Amino acid sequence: MTRFDVPATFLGTTPPTGGSAGPAAAPASAPAASRRTAPTDTGPTTNAPAARPAALAPTAVTPAPTEAGGTAAGRAAAPRTPVAAPTPTGPATPAPSAPASSLRLEGGAGASPPEAGGTAAADSAPLESAAATAQAAATRAAAAVPPASDRAPRAGAAANPRVGTKRAATAGTGRGRAAAPRGSAGPAAGAVGAATAASAPEAVLASGAGERAVPEAPLAPGEVERLVGGWHHDPHGLLGAHDTVYGTAVRVLRPLAERVVVDTSTARFELTHQQDGLFTGLLPKGSVTEGYLLQVTYEGTDHEQEDGYRFLPTLSETDLHLIAEGRHEQLWKALGAHPRLVDGVAGTAFAVWAPNASGVRLIGDFNGWNGAAYPMRSLGASGVWELFAPGIGDGARYKFEIATQDGRMLQKADPLARRAECPPATASVVTSSHYDWHDAEWMATRGRLPHHQAPMSVYELHPGSWRPGATYRQLAEELPGYVRDLGFTHVEFMPVMQHPFDGSWGYQVTGYFAPASRLGTPDDFRFLVDELHRAGIGVIVDWVPAHFPKDGFALAQFDGEPLYEPADPRRAEHPDWGTLEFDYGRAEVRNFLVANAVHWGEEFHVDGLRVDAVASMLYLDYSREHGEWAPNEHGGRENWDAVRFLQEMNATVYRRCPGIVTIAEESTAWPGVTAPTEHGGLGFGLKWNMGWMHDSLVYMGHEPVHRKYHHNEMTFSMVYAYSENYVLPISHDEVVHGKRALVSKMPGDWWQQRANHRAYLGFMWAHPGKQLLFMGSEFAQGAEWDHKEGPQWWVLDPAWPAHAEHEGVRDLVRDLNRLYLDTPALWQLDADPAGFAWLDGGAAEDNVFSFVRHDAQGRPLVCVSNMSPVVRHGYRVGLPTVRADVRNARWLEILNTDTAVYGGSGVGNPDPVKAEQIEWNGRDTSAELTLPPLSTIWLSPA
């Protein structure tokens, strides 16, 4: 006979080197130098290489093929609220190892334990005889236990599911018997397969009133080392309760525990410590048919717990199939952390996709950030690892500890976490929503008009600095009223997803499924969206599927290999931002992003997604020099994987979230950005008109005396205005990084700057396309936006000398939005050439632009902009014919950006303007107007 030497490694954070056969007895306890304190650091990812077993293939001694791996031997009859193990404090001291006699197996070093059927050793007569003797003894011991009515009642679970039920250990009591001295074998030292002369009474001995020790159900040391070291792919096949031909093998992994007792519905059985916190025992068959609890003793105190390894996987076969196919449109409901009841037991189901991992363990504040007792199982070829952890609920902080193929242990936040810690902390947080929505009417009626045929005036803001220090709920008290008062139809939030660095403004996301924790909880964000909806305001959020940061705790090389990013660094590295691009060609990654877009629509009721940096996704050579990029399969520069992803995302979001709109920030001439996917387009609803924004701001930046040489920069946008469905964006990008605030871009003195600012807004609101204005521009703040300070609200304070001038600009924006909503000609035919015509687009010498907008019924609105600082009296402009009796046609000036109330000079056309039958600008009728300096006026038929 040959014994297995049992190494004394304890916590197993360093992979063992494998079991060795030899004559030396296993040490009773680890030497002081090998003892470790349970880690509590939640900081940077640990990347230091660790020693690795020479091979991770199954060892010569394997688990029993007859065991129902992962299948519960029994189910609890009534609901229970389990408790998690206490967080270890003080130095980690290993539980006593069993003596050599308890680990002695028949058949030499390669022999199987009794339940490991299918080997020659398992069929040997001596082994069968020893097993039969042990089974008979176990059966007699169970019969000797008093009936349940004579035993002390089972203590109920604690009210707080994360705090253990504790009882002081008292000598002589059934539940609270003092633990055996460390290093002693205990009364249940005999292994099932040990060929010893022990009689049945010696194999099963009483260990306390109402408790019976049972024979071991040992594992081969190699399996234990992989299990404890975090390298095992199927811990559920070893741990928990498993029926064998000899009885029910129960194995429990509890490092730091002094003893473990299995409490069934009829009896209590003390398990034997094998090595490194693994406790095992062979119970009589049928003893756990009604389920069982564990009583685990730490430092003399008992804790009642559920065994998480007796439960079936919480993911269905359908879930796994859809994940593997990249078609799980509600991926966040399968992966991540989900508090739930399983067989009446409260806990949290954890699941993570890590196909290249050698092992995954769950770590968190519930186990002292030591995952030794929480290994997860691999669910086949799906790449998903799963664990149901009883006793863990809302508010628990966690990460996944991933064993890589090259021997590293990584601590990673959950990619599907729906809540995260507030930075600089990086852990994920278990959460479930309890929010009751009140926006049913809004959700039922939104999108009743196609977005390109509906009014849309967007107020863009940075939620973290609009009111610095305000939470989501505090924003909900003020933002809806402010936006509604100004007449905007939508708000657009810069990214609200979890991001670690404030200076990224949210564009370097580490938690795609979690609202930024700086401002509150996910339900707090739901409340903000709900309040905006109740105020009649739509909610658009910026979404960043183009790239992600390299933070070690997040997506980068998630399981030790390129996973979310391409393996080819020429495609993985984003040269502009020092980030990584997504691998759009991988089905699971595409699924992650598509499901994330759906998630924000379904879970948070957002009305739109503005997709950031689309151009960087579409071109393989984006910001790359020759030799720095790899062409596609056709030798071209187009990223067809990204194209297919965007098409799939848009098609899925529009199908699942009726009334939503997707908006592309795309700065090139890529064709069909807003064309339907069935026609080969990308499928977006709207596209930012970056060309209009750039050209018009260049024009406005010139001194008026030079503007005549740049006249075409204000008119060129109409050449391509109907190639896509456009939004005219004056966004955050135009008021940062030295570009100056909008009013500060304008030439001239302070009066002229404000006049230019107002005239530009009047021209913008009348131009075909939806409107977007960044916060602060609505009242002409003079400084660039600073994410640490937010808008310069103080310029609106009555004590500020120029407050009336800033209030005047804000009053103009309010009136622009009011007239815009009341005038279908300004939005109904934005995407139809019939909705626009130049009256005079060539008056470059005068710096004047005049055009007409029409609604679907042909009703017109005339816009005339004078971008020179001189008053033009008697300026004739051609007018559309609006009635048969042209002699009595009258036009009213309904907007004048030079009105005194806005801070202007008060020049204008206060009386109705009479149309004359004088041909002008190709029109049958015309009128003489007074054009105020640096202004825009709107005329409507009287």
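Everything numeric here is computed off the predicted structure, so don't read it as measured data. (Residues numbered from 1 in each chain as written. Predicted model: local features only at pLDDT ≥ 70, side-chain atom pairs only at ≥ 80, totals over all residues. Heavy atoms only, no water.)

**A closer look at the overall build of the protein chain**
When its secondary structure is counted, the protein chain shows 15 helices and 41 strands. Taking all 942 residues of the protein chain together, 60% fall into the buried category. A separation of at least 24 residues holds for 75% of the contacts in the protein chain among residues at least 6 apart in sequence. (Helix = DSSP H or I, 4+ residues; strand = E, 2+ residues; numbered from the N terminus. Buried < 20%, exposed > 50% of the residue type's maximum accessible area, 1.4 Å probe, protein only. Contact = heavy atoms within 4.5 Å.)

**Side note on the packing of aromatic side chains**
Given two aromatic rings, one states the distance between the centres and the angle between the planes to describe the pair. Under the defined criterion, the tally for this structure stands at 40 aromatic pairs. Between tyrosine 512 and phenylalanine 582, the ring centres sit 5.7 Å apart and the planes meet at 75°, which makes this aromatic pair edge-to-face. Here the residue tyrosine 512 occupies a position in strand S25 (residues 511-515), and phenylalanine 582 occupies one in the loop between strand S28 (579-580) and helix H9 (587-604), the gap between them amounting to 70 residues. Among the residues examined, phenylalanine 582 registers a relative accessible area of 2% and is labelled buried. With a centroid separation of 4.7 Å and an interplanar angle of 50°, the aromatic rings of phenylalanine 548 and phenylalanine 582 are classed as tilted. Of the two residues, phenylalanine 548 is situated in the loop between strand S26 (538-543) and helix H8 (569-572) and phenylalanine 582 in the loop between S28 and H9; the sequence distance between them amounts to 34 residues. By the burial criterion, phenylalanine 548 is buried, and phenylalanine 582 matches it. Aromatic ring contacts, followed pair by pair, group Trp353, Tyr512, Phe513, Phe548, Phe558, Tyr564, Phe582 and Phe592 into a single cluster. (Phe/Tyr/Trp six-rings, centres within 6.5 Å; stacked < 30°, edge-to-face > 60°.)

**Some words on the pattern of salt bridges**
Per the counting criterion, the structure on display carries 44 salt bridges. The partner of glutamate 665 in a salt bridge is arginine 610, with the nearest N and O atoms 3.0 Å apart. On the criterion of sequence distance, the pair formed by glutamate 665 in the loop between strand S30 (661-664) and strand S31 (686-688) and arginine 610 in strand S29 (residues 608-611) is long-range, its members being 55 residues apart. Per residue, the accessibility class of glutamate 665 equals that of arginine 610, and both read buried. Glutamate 845 is the partner of lysine 708 in a salt bridge, and the nearest nitrogen-oxygen pair spans 3.5 Å. (Salt bridge = Lys/Arg side-chain N within 4 Å of Asp/Glu carboxyl O.)

**So, the UniProt feature "active site" (unreviewed entry) in the protein chain**
UniProt tags Asp612 and Glu665 as "active site" (unreviewed entry). For the annotated residues, spread through 54 residues, the largest C-alpha to C-alpha distance comes to 5.4 Å, consistent with a single compact locus. Examined against the element boundaries, aspartate 612 turns out to sit in the loop between S29 and helix H10 (614-618). When its relative accessible area of 8% is taken as the criterion, aspartate 612 is described as buried. Those residues in contact with aspartate 612, other than ones at most four positions away along the chain, are Tyr507, Trp543, Val544, Pro545, Ala546, His547, Met617 and Glu665. A distance of 3.4 Å separates the side chain of aspartate 612 from the side chain of arginine 610, its partner in a polar contact. The class of glutamate 665 is buried, set by a relative accessible area of 12%. (UniProt positions renumbered as here; feature names shortened; annotations may be inferred. Polar contact = N/O pair within 3.5 Å; in protein donor to acceptor, adjacent residues only side chain to side chain.)

**Overview of the environment of serine 940**
Relative to the elements of secondary structure, serine 940 occurs in strand S41 (residues 935-941). For the pair serine 940 and threonine 823, spaced 117 residues apart in sequence, the C-alpha to C-alpha distance is 9.6 Å. In contact with serine 940, other than residues within four places in its own chain, are Arg890, Trp891, Leu892 and Ile894.

**Here's the deal with the sheet that holds strand S38 (residues 890-896)**
The sheet built from 6 strands is open, its strands ordered S34-S35-S36-S41-S38-S39 with antiparallel pairing. Each edge of the open sheet carries a strand with a single partner, namely strand S34 (836-843) and strand S39 (913-914). The pairing of S38 with S41 spans 5 bridges and is classified as antiparallel. Each residue of the ladder has a partner; that of glutamate 893, found in S41, is leucine 939. (Pairing = 2+ DSSP bridges.)

**Some details on the pairing of strand S19 (residues 397-403)**
Most of S19 is tucked away, with 6 of its 7 residues classed as buried. Relative to S19, strand S16 (residues 359-364) runs antiparallel, the two being bridged by 6 bridges. Looking at the pairing, leucine 362 lines up with phenylalanine 400 of S19. When S19 meets strand S21 (residues 428-429), the two strands line up antiparallel, connected through 2 bridges.

**Considering helix H11 (residues 640-656)**
In this model H11 runs 24 Å from its N-terminal to its C-terminal C-alpha over 17 residues, within 8% of the 24 Å that 1.5 Å per residue would give. Considered for burial, the residues of H11 that qualify are Ala642, Val643, Phe645, Leu646, Gln647, Glu648, Met649, Asn650, Thr652 and Val653. Where H11 is buried, its residues touch S26, H9, S29, H10 and S30. (Expected span 1.5 Å × (residues − 1).)

**A closer look at the side chain of glutamine 498**
Looking at the element boundaries, glutamine 498 is found in strand S24 (residues 497-498). Residue contacts for glutamine 498: discarding those within four places in its chain leaves Ala420, Glu421, Pro423, Val509, Thr510, Gly511, Ala514, Pro515, Ala516 and Ser517.

**Describing the sheet that holds strand S6 (residues 240-244)**
The pairing of strands in a sheet happens through backbone hydrogen bonds and is either parallel or antiparallel. If you walk across this open sheet you meet the 4 strands as S6-S7-S11-S10, and the pairing is antiparallel. With partners counted over all chains shown, the strands left at the sheet margins are S6 and strand S10 (272-275), one partner each. Here the strands of the sheet are splayed against their neighbours by 30° on average, with no regard to which way each runs. For S10 and strand S11 (residues 278-283), the ladder comprises 3 bridges, and the chain directions are antiparallel. Of the residues in S11, the one forming a bridge with threonine 272 is threonine 280. (Axes fitted to C-alpha atoms, helices over the stretch in contact; angles between N-to-C directions.)

**Re the packing of helix H6 (residues 472-486) against helix H7 (residues 522-534)**
It is the contact of H6 with H7, at a shortest axis distance of 8 Å, that shows an interaxial angle of 10°. Considered as vectors, H6 and H7 are oriented roughly parallel to each other. Residues Tyr472, Arg473, Leu475, Ala476, Leu479 and Pro480 of H6 lie in contact with H7, whose contacting residues are Asp523, Asp524, Phe525, Phe527, Leu528, Glu531 and Leu532. Here the contact of H6 with H7 is built from residues that sort into 9 nonpolar, no polar and 4 charged. (Parallel < 35°, antiparallel > 145°, perpendicular 65-115°, else oblique. Nonpolar A, V, L, I, M, F, W, Y, C, P; charged D, E, K, R; others polar.)

**Remarks on the packing of H9 against H11**
Relative to each other, H9 and H11 sit at 30°, their axes nearing to 9 Å. Regarding the angle of H9 to H11, the classification is roughly parallel. Handedness of the crossing formed by H9 with H11: right-handed. Where H9 approaches H11, its residues Arg590, Leu593, Val594, Ala597, Val598 and Glu602 are matched on the opposing element by Phe645, Glu648, Met649, Thr652, Val653 and Arg656. Grouping the amino acids of the contact of H9 with H11 by side-chain chemistry returns 7 nonpolar, 1 polar and 4 charged. (Left-handed = near helix turned anticlockwise from the far one by under 90°.)

**With respect to the pairing of strand S33 (residues 770-774)**
Side chains on a regular strand alternate between the two faces of the sheet. By the criterion of burial, S33 is predominantly enclosed, with 5 of the 5 residues buried. Side-chain alternation along S33 places Lys770, Leu772 and Phe774 on one buried face and Gln771 and Leu773 on a second face that is also buried. The pairing of strand S22 (residues 457-461) with S33 spans 4 bridges and is classified as parallel. Of the residues in S33, the one forming a bridge with tyrosine 459 is leucine 773. Of the pairings in the sheet, the one linking strand S32 (residues 726-730) to S33 comprises 4 bridges and is parallel in character. The residue bridging proline 729 from the neighbouring strand is leucine 772, located in S33. After leaving S32, the chain enters helix H14 (residues 750-766) and then returns to the sheet as S33, a path that is right-handed. (Right-handed = clockwise from strand over helix to strand, strands pointing away.)

**Topic: unusual backbone geometry**
Cis geometry marks the peptide bond from proline 423 to proline 424, where omega comes out at 15°. Locating proline 424 in the fold gives a position in the loop between strand S20 (409-412) and S21. With a phi angle near 40°, glutamine 557 is a residue other than glycine that sits in the positive phi range. Looking at the element boundaries, glutamine 557 is found in the loop between S26 and H8. A positive phi angle is found at histidine 737, which is not glycine, with a value near 55°.

**Some words on the environment of serine 731**
Inspection of the secondary structure assignment puts serine 731 in the loop between S32 and H14. Serine 731 sits 272 residues away from tyrosine 459 along the chain, and the two C-alpha atoms are 9.2 Å apart. Discounting residues that sit within four places of it in the chain, serine 731 has contacts with Glu460, Trp688, Leu772 and Phe774.

**Concerning the confidence of the model for the protein chain**
On average, residues of the protein chain score 82 in pLDDT, and 77% of them are at 70 or above. The low-confidence segment residues 1-209 (pLDDT under 50) makes 450 contacts with residues lying over four places distant or belonging to another chain. (pLDDT = per-residue confidence, 0-100.)

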